[in-house]
Amino acid sequence: MVYPIVKYGQPVLESQAETITEFDTPELNKLLDDMFESMYAARGVGLAAPQIGIGKRIAVIDITSGEDESQKLVLINPEIIKTEGSQTGEEGCLSLPTFRETVTRPKKVTIRAQDGKGKVYEMTGEDLLARAFLHETDHLHGKLYINHISPLKRDLIRRKIRKLQKANEWQ
Ligand code: NI
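Scope of this entry: the structure provided in the associated data block.

So, how was this worked out
- Residues numbered from 1 in each chain as written.
- Predicted model: local features only at pLDDT ≥ 70, side-chain atom pairs only at ≥ 80, totals over all residues.
- Heavy atoms only, no water.
- Helix = DSSP H or I, 4+ residues; strand = E, 2+ residues; numbered from the N terminus.
- Contact = heavy atoms within 4.5 Å.
- Salt bridge = Lys/Arg side-chain N within 4 Å of Asp/Glu carboxyl O.
- Buried < 20%, exposed > 50% of the residue type's maximum accessible area, 1.4 Å probe, protein only.
- Pairing = 2+ DSSP bridges.

With that out of the way, let us pick up the environment of isoleucine 58. Here isoleucine 58 lies in strand S2 (residues 58–61). A sequence separation of 33 residues divides isoleucine 58 from glutamate 91, and the C-alpha atoms of the two residues are 20 Å apart. Excluding residues within four positions of it along the chain, isoleucine 58 makes contact with Ile20, Leu28, Leu31, Leu32, Met35, Leu47, Ala48, Ala49, Leu75, Ile76 and Leu140.

Should their charged atoms come close, side chains of opposite charge can pair. Counted according to the given criterion, the structure contains 10 salt bridges. Of the charged contacts, one joins lysine 82 and glutamate 84 as a salt bridge, the two residues approaching to 3.7 Å between their closest N and O atoms. For glutamate 84, a relative accessible area of 36% corresponds to the partly exposed category. Several salt bridges share partner residues, and in doing so they unite Glu91, Arg105, Arg131 and Asp138 into one network.

Further remarks concern the pairing of strand S6 (residues 108–114). Of all seven residues in S6, five are buried, a share of seventy percent or more. Bridge count between strand S3 (residues 73–84) and S6: six bridges; the pairing is antiparallel. When the sheet's bridge partners are listed, threonine 83 is paired in S6 with valine 109. In the sheet, S6 pairs with strand S7 (residues 120–126) via seven bridges, with the strands oriented antiparallel. Bridging across to S7, alanine 113 finds its partner in tyrosine 121. With antiparallel pairing between neighbouring strands as the criterion, S6 and S7 make up a hairpin whose turn holds five residues, including glycine 118 at a positive phi of roughly 95°.

What follows is the structure in structure tokens.
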């Protein structure tokens, strides 16, 4: 099932998500399938559960956008345990469609997370994958990439969104 993507302005996107304690249940497995399906349908490389209105610490990532099945990653209760270096590049978010901003992030990032069965794993990613780890983990703490840009640029985006909301073009 493809979920609609929740857009910026909904409280679920700016709330701390809940830790997952039950694994490998039919509900969780179905949700993970649906999250991949929803992410691919929206042509994203990452999706966090709050973006489909579910305040739980679950994210999925596939930096190949579905081209390579082996690159599918499930991040449950992820934590950033190490960061190194720096990269500056454009970043977008499915919850902020049409907007993109330059964001500086660490270049190399190690996460500790659980998979759908609850198995704890650690993984190090660089460049786009490092960015995805940080971006999706942020979502689970109620943060968006616009928290990492200047207040001036953030206000400009907020103003544009307010206009879109008034015109009923942002729901
Ligand atoms: Ni996002």
